[in-house]
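Listed below, chain by chain, are the residues.
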Amino acid sequence: MNLLQIRKPSTSFALPFKHRTVGKRVLITNTEGNFLLLQPDEFRAFAEGSIGRESELYKRLAERNFVRGAENQERMVERIQARKSFLSYGPNLHIIVVTLRCNETCVYCHASRANMDAVHTDLTKELAEKTVDKILATTNPNVTIEFQGGEPLVNFGVVKHIIEYALEANKKVGKQLEFTMVSNLSLMDDEKLEYLVKNKVQICTSIDGPEHIHDKQRKLPQASAHQKATYWIKRINQEYERIGLDPTLYHVEALLTTTREALPQWKAIVDTYVSLGCKALFLRPVDPFGFADKTGHRIEYPRKEYMHFYTSAVEYMLELNKQGVQILERFAAIFLTKILGGEDPNFLDIRNPCGAGIGQIAYNYDGKVFTCDEGRMLHEMGDSTFLIGDVETTSYRDLMGHETVRALAIASNLEAQPDCVNCTYQPYCGVCPVHNHKSQGTIFGRMRESTLCAVHKGIQDFLFEKLGEGDPATLETFKKWTTVRDRTHFLQSCAV
Amino acid sequence: MPVTFDGIPGDLVEVELDRGAMSLQVDETLYPLEAVYAAAYVFIDRCYVFLDKPSEGRIRVTLSGKKAKLEGDLARETVGEFANELLSCAWRAQIARDSRATIESVTARALSGARGAPSLDELEAFDFSEEAFDDPLGIAMSWEEKYAKKKKEGAAPAEEPAKADGGAAK
Ligand code: SF4
């Protein structure tokens, strides 16, 4: 369907909308994020303004604020406010790199790792305290401190110190505090696990699929990285159950990095996650940060091939859900929450504007502060564009007022982006200026040539096609995927 | 010796293979200068970039490879990428003007939400002295103050604002 097929477009019937052909239907969306999937003849009537006020189509359109003169301005404002509620607060995600040292070597290493003897890349207790002081100065009432590396278990003493210092310091400011740790789990032991469970630290790991793929991509000297990780996933989940937590809500989260090798293995990857008791799978493509840049020719792939991998895996997950298996795809869940739920789940990489600085901050082992973890990784590769200060010398307000933070807030505003400004998916989408900077040399980027845009557009095309097909079981699963998982156990409130 | 590329207009792009550089001519009536600057800037990590004006209404952008000479596929790719970036920058400049109000309000809201109010310590450290508010045009002054001051100095009185903007007649 194309606008040229419209005989006499009406300029007075419709409120501003964007359209795109998805499968056999025409998708229309508006600024507040309402959508409708129309049959081609319905779309023609809509564009020509030839719809009777009594018709069912008119009601559908008017209800969603697509008809001029029938708009409900109050609802429009409420919807836009709900989608942008994150703008009122500062960063809630605070990533602390407690060391660059890592005992595994990964082909795509996101973390710009250092060898185990590079002890100078360990965060000290003194800098850790200054980092926590900076974190607790955020205007956001909710604070998540995420331990990253390298491998955070390598510098576990400082992880413990941060937790204890933050809990104590938080007594004065009363934030809703959460701790998470991203670990390959190979250095976990009973003592560390006991401490992490007792202190309510959420644990997240990487699983790249079945053992042969995982171990090829993530090398652990003299052992199988996959066996170590899966052993501890099961142990941690058992521990959660032992202390009375509901296993459907509380379990280890795992992340996948999709390399070329993984593309034909979509079924085996989903099966691996299900067998480990994971309820979510995040089918992330490789990104251009860390080692991935150097090894790109071996692990990269055209995004068309990725989309084939993605849709095959998600179709399979939908089938499993029909059979009663609970497993969701994270990208789909993020987009569906915005599409069906009308709210922004505040996933910082797919947000408008993105979370760089104003939603997340990354603190390096040496006290340097970055707009985000991707910016921190680029610094490790020799590009310090996204460095905004130092925990010792820069005040919190100066970090937030930094010109780079301002530039990124503007560059990731989809109203300022060619393509995005007219894109049907604008209400639900987000761009990453750091990705643009790395892959295209400009924080604004050219979306037509962006691999990130290709993925976002491809996934949303797929989701709207599925919505258009209207299969009740799929719709039911999609609805479930938009339900926010309860994590009350991990929240550590503190009355001031 | 100048050569041309398949699919790229020869009168716009000139490539000097022996110098490892190429020049692209931009029509000033199609592309604003700000877009030419923005697009040229994107290439400074890979190329040395020179701008000049060979004739009225034309801007010439010369790109010279920093590490590898620009030739063959690399040259075609670079010039093609430059043309795409130029279009992107020109359109972005237009969009930024059209959507200015939305972009500004979202950015202002995001930054003020993130920064929060200044603390008492920060307010105390703030420089409220006269110098910080150097106001040579008298913008921060009230009309009475400015008028009285100028009168005292013997300068001609400022024009009455109501008349200047064609406002209500008395
Ligand atoms: S990133 Fe791509 S899919 Fe997303 S709004 Fe922009 S153009 Fe559309």
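Reading the values: the criteria
- Residues numbered from 1 in each chain as written.
- Chains lettered and ligands numbered in written order.
- Predicted model: local features only at pLDDT ≥ 70, side-chain atom pairs only at ≥ 80, totals over all residues.
- Heavy atoms only, no water.
- Buried < 20%, exposed > 50% of the residue type's maximum accessible area, 1.4 Å probe, protein only.
- Helix = DSSP H or I, 4+ residues; strand = E, 2+ residues; numbered from the N terminus.
- Pairing = 2+ DSSP bridges.
- Axes fitted to C-alpha atoms, helices over the stretch in contact; angles between N-to-C directions.
- Contact = heavy atoms within 4.5 Å.
- Domains from an automatic or database assignment.
- Buried area = accessible area lost by both parts, 1.4 Å probe.
- Core = buried A, V, L, I, M, F, W, Y, C linked by side-chain atoms within 4.5 Å.
- Salt bridge = Lys/Arg side-chain N within 4 Å of Asp/Glu carboxyl O.
- 1 Å grid on protein atoms, 1.4 Å probe; cavity = no way out; pocket = protein on both sides within 12 Å on 5 of 7 lines; lining within 4 Å.
- Points joined across faces, edges and corners; volume = space filled by probe spheres on them.
- Parallel < 35°, antiparallel > 145°, perpendicular 65-115°, else oblique.
- Left-handed = near helix turned anticlockwise from the far one by under 90°.
- Nonpolar A, V, L, I, M, F, W, Y, C, P; charged D, E, K, R; others polar.
- Phe/Tyr/Trp six-rings, centres within 6.5 Å; stacked < 30°, edge-to-face > 60°.
- Near = heavy atom within 4 Å.

1. Concerning the pairing of strand 3 (residues 35-38) of chain A
Residue and element names in this part refer to chain A.
Move 1: Along strand 3, one buried face is formed by Phe-35 and Leu-37 and the opposite face, lined by Leu-36 and Leu-38, is buried too.
Move 2: Relative to strand 3, strand 2 (residues 25-29) runs antiparallel, the two sharing 4 bridges. What sits directly across from Ile-28, in strand 3, is Leu-36.

2. Remarks on the sheet that holds strand 14 (residues 360-363) of chain A
Residues and elements named next belong to chain A.
Move 1: Spatially, 9 strands are ordered 12-10-8-7-6-4-14-15-16 in an open sheet, and the strand pairing comes out mixed. Of all strands in the sheet, those with a lone pairing partner are strand 12 (283-285) and strand 16 (387-390), marking the two edges. Recorded for the sheet is a direction-independent mean angle of 25 degrees between the axes of neighbouring strands.
Move 2: As paired elements, strand 15 (residues 368-370) and strand 16 share 3 bridges and run antiparallel to each other. Along strand 16, the bridge assignment pairs Lys-368 with Asp-390.
Move 3: Most of the contacts of helix 5 (residues 156-173) go to strand 7 (residues 176-182), to which it runs at about 170 degrees, and overall it touches strand 4 (93-97), strand 6 (142-148), strand 7 and strand 8 (201-206).

3. Describing helix 1 (residues 40-48) of chain A
Residue and element names in this part refer to chain A.
Move 1: If you check which residues of helix 1 are buried, you get Glu-42, Phe-43, Ala-45, Phe-46, Ala-47 and Glu-48.
Move 2: Lining the buried residues of helix 1 we find strand 1 (18-22), strand 2, strand 3 and helix 2 (56-63).
Move 3: Once helix 1 ends, the next one or two residues include Gly-49, with phi positive near 70 degrees.

4. Structural notes on the domain arrangement of chain A
Put simply, an interface is often sized by how much accessible area is lost when its parts join up.
Residue and element names in this part refer to chain A.
Move 1: Partitioning chain A into structural domains gives domain 1 (3-82) and domain 2 (84-496).
Move 2: A separation of 36 Å is found between the C-alpha centroids of domain 1 and domain 2.
Move 3: Across the boundary between the two partners, domain 1 contributes 18 residues, which contact 20 residues of domain 2.
Move 4: Approximately 1,500 Å² of surface area, both sides summed, lies buried where domain 1 meets domain 2, with 57% of it carried by carbon and sulfur atoms.

5. Considering the nonpolar core
Move 1: Within the largest apolar cluster, 116 residues are counted, with the highest numbers of intra-cluster contacts made by Ile-145, Ile-162, Tyr-310 and Phe-464 of chain A.
Move 2: There are two domains that each give this core at least three residues, and those are domain 1 (3-82) and domain 2 (84-496) of chain A.
Move 3: Apart from the residues lying within four places of it in its own chain, the contact partners of Ile-162 of chain A are Ile-96, Val-98, Leu-123, Ala-128, Val-132, Ile-145 and Phe-147 of chain A.
Move 4: Residues Ile-8, Val-42, Leu-63 and Leu-70 of chain B belong to the second largest nonpolar core, which totals 23 residues.

6. Observations regarding the interface of chain A and chain B
Move 1: In this complex, chain A contributes 32 residues to the contact, which on the side of chain B involves 24 residues.
Move 2: Taken together, the two surfaces of chain A and chain B that pack against each other cover about 2,500 Å², and 61% of this comes from carbon and sulfur.
Move 3: For chain A, the biggest contributors to the area lost against chain B are Leu-87, Arg-397 and Arg-446 of chain A; these three give 27% of the whole.
Move 4: As a salt-bridge pair, Glu-81 of chain B and Arg-446 of chain A come within 3.3 Å of each other at their nearest N and O atoms.

7. Topic: the sheet that holds strand 2 of chain A
All names here are of chain A.
Move 1: With antiparallel pairing, 3 strands are arranged side by side in an open sheet as 1-2-3. Each edge of the open sheet carries a strand with a single partner, namely strand 1 and strand 3. Neighbour to neighbour, the strand axes of the sheet diverge by 20 degrees on average, direction disregarded.
Move 2: In the sheet, strand 1 pairs with strand 2 via 5 bridges, with the strands oriented antiparallel. Residue pairing in the sheet places Thr-21 in a bridge with Val-26 of strand 2.

8. Regarding empty space enclosed by the protein
Residue and element names in this part refer to chain A.
Move 1: Scanning the model with the defined rule gives 1 cavity of 30 Å³ or more in all.
Move 2: Its volume calculated, the largest cavity comes out at about 70 Å³.
Move 3: Considering the residues around the largest cavity, the lining is formed by Leu-348, Asp-349, Cys-354, Gly-355, Ala-356, Gln-360, Cys-372, Glu-374, Val-431, Cys-432, Pro-433 and Val-434.

9. Digging into the packing of helix 4 (residues 125-135) of chain A against helix 5 of chain A
All names here are of chain A.
Move 1: At a minimum axis separation of 10 Å, helix 4 and helix 5 run at an interaxial angle of 40 degrees. Relative to helix 5, the element helix 4 lies oblique. You can see that helix 4 and helix 5 cross each other, and the crossing is right-handed. For the pair helix 4 and helix 5, contact is made by Lys-125, Ala-128, Glu-129, Val-132 and Asp-133 and by Gly-157, Val-158, His-161, Ile-162, Tyr-165 and Ala-166, respectively.
Move 2: Of the residues in the contact of helix 4 with helix 5, the class split is 6 nonpolar, 2 polar and 3 charged.

10. What to know about unusual backbone geometry
Peptide bonds are, in most cases, trans, and in most cases residues other than glycine have a negative phi.
Residues and elements named next belong to chain A.
Move 1: In this model, Gly-149 is joined to Gly-150 through a cis peptide bond whose omega is 15 degrees.
Move 2: Along the polypeptide, Gly-150 turns up in the loop between strand 6 and helix 5.
Move 3: Residue Pro-353 follows Asn-352 across a cis peptide bond; omega there is -5 degrees.
Move 4: Within the fold, Pro-353 resides in the loop between helix 12 (330-341) and strand 14.

11. What about the packing of aromatic side chains?
Residue and element names in this part refer to chain A.
Move 1: Within this structure, the stated rule accounts for 23 aromatic pairs over all chains.
Move 2: On the numbers, 5.1 Å between centres and 85 degrees between planes, the contact of Tyr-231 with Trp-232 is edge-to-face.
Move 3: Taking the relative accessible area as the measure of exposure, Tyr-231 reaches 45% and is therefore partly exposed.
Move 4: Accessibility expressed as a relative area gives 8% for Trp-232, which makes it buried.
Move 5: Ring geometry for Tyr-301 against Tyr-306: centres 6.4 Å apart, planes inclined by 10 degrees, an arrangement best described as stacked. Grouping residues by exposure puts Tyr-301 and Tyr-306 together as buried.
Move 6: Ring-pair connections join several aromatic residues into one group, and the members of that group are Phe-13, Phe-17, Phe-43, Phe-46, Tyr-58 and Phe-66.

12. Notes on the site of the ligand
Move 1: The full set of residues close to the ligand is Cys-420, Cys-423, Cys-429, Val-431, Met-447, Cys-453 and Lys-457 of chain A.
Move 2: For the shell around the ligand, the residue count by class is 6 nonpolar, no polar and 1 charged.

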